[in-house]
Amino acid sequence: FVEALVDTARTRLGVHSGAFWHGEENGDLVLALPLIQPPARIKPGTGLAGRCAHTRAMVHSSCLGKVSDLGDLDRIHPDGAPHRGSALSLPLLAHDGSVLGVLQLLHERDDHFDDETRVLARILTAQGALALQHAQFAMSLRPTSELHSEVEVAREIQRSTLLEVMPEIPGY
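Please read all numbers here as calculations on a predicted model, not as lab measurements.

As for helix 2 (residues 47-55)
Now for step 1: Here helix 2 has its buried residues at Gly-47, Leu-48, Ala-49, Gly-50, Cys-52 and Ala-53.
Now for step 2: After helix 2 finishes, the residue Arg-56 shows a positive phi value of roughly 55°.

Encoded structure:
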């Protein structure tokens, strides 16, 4: 799912590259895309994505050359590539306000993310948050569904061992 979200952002918003940071229960963010082993981790408030998760608000940086804390981008590009251009970090929020993740979009050009692009990015992440939460809900139902199937099988086995007619016992 996150690959589709980042690819959609690339094609529809004209961004150079993107990343997805998955939010954990303890508030940490783990880099889910691009795939890097071992996965990069950042604390809330660290870098643009961490600040986005911490504030639960979009973080727009129109000129990365002027930003001092790029700890998240250093983890995405461990090769030491210079940071220039613009970045947009958007939170994916659950219905209860918890952070499901952060979509991070990068462009080589400064000031790429105009008002219209930021609105479209917000719409994309809102839809992405709904889809991600729906997928998590479906995965949580899977064990219940499997358990229900197993109970049905056990019930059928139990029924197959029962006599179809009650035996008659003289004197009772």
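So that's the structure; there's more coming.
Considering helix 1 (residues 2-13)
Turn by turn, an α-helix covers 3.6 residues, leaving residues three or four places apart pointing in a common direction.
Now for step 1: Along its 12 residues, helix 1 runs 16 Å from first to last C-alpha, staying within 8% of the 16 Å computed at 1.5 Å per residue.
Now for step 2: Where helix 1 is concerned, the buried positions are Val-2, Leu-5, Val-6, Ala-9 and Leu-13. Angularly, the buried residues of helix 1 cover 95° about the axis, an arc narrow enough to put them on a single face. Facing away from the buried surface of helix 1 by more than 90 degrees, the exposed residues are Thr-11 and Arg-12.
Now for step 3: Phi turns positive one or two residues past the end of helix 1, at Gly-14, with a value near 65°.

Details of the side chain of Gln-104
Now for step 1: With respect to the helices and strands, the residue Gln-104 is situated in strand 6 (residues 99-107).
Now for step 2: At 3.0 Å, the side chain of Gln-104 and the side chain of Trp-21 are in polar contact.

Calculation criteria
Residues numbered from 1 in each chain as written. Predicted model: local features only at pLDDT ≥ 70, side-chain atom pairs only at ≥ 80, totals over all residues. Heavy atoms only, no water. Buried < 20%, exposed > 50% of the residue type's maximum accessible area, 1.4 Å probe, protein only. Helix = DSSP H or I, 4+ residues; strand = E, 2+ residues; numbered from the N terminus. Expected span 1.5 Å × (residues − 1). Arc of directions from axis to C-beta. Polar contact = N/O pair within 3.5 Å; in protein donor to acceptor, adjacent residues only side chain to side chain.

The values are spatial; any link to function lies outside them.
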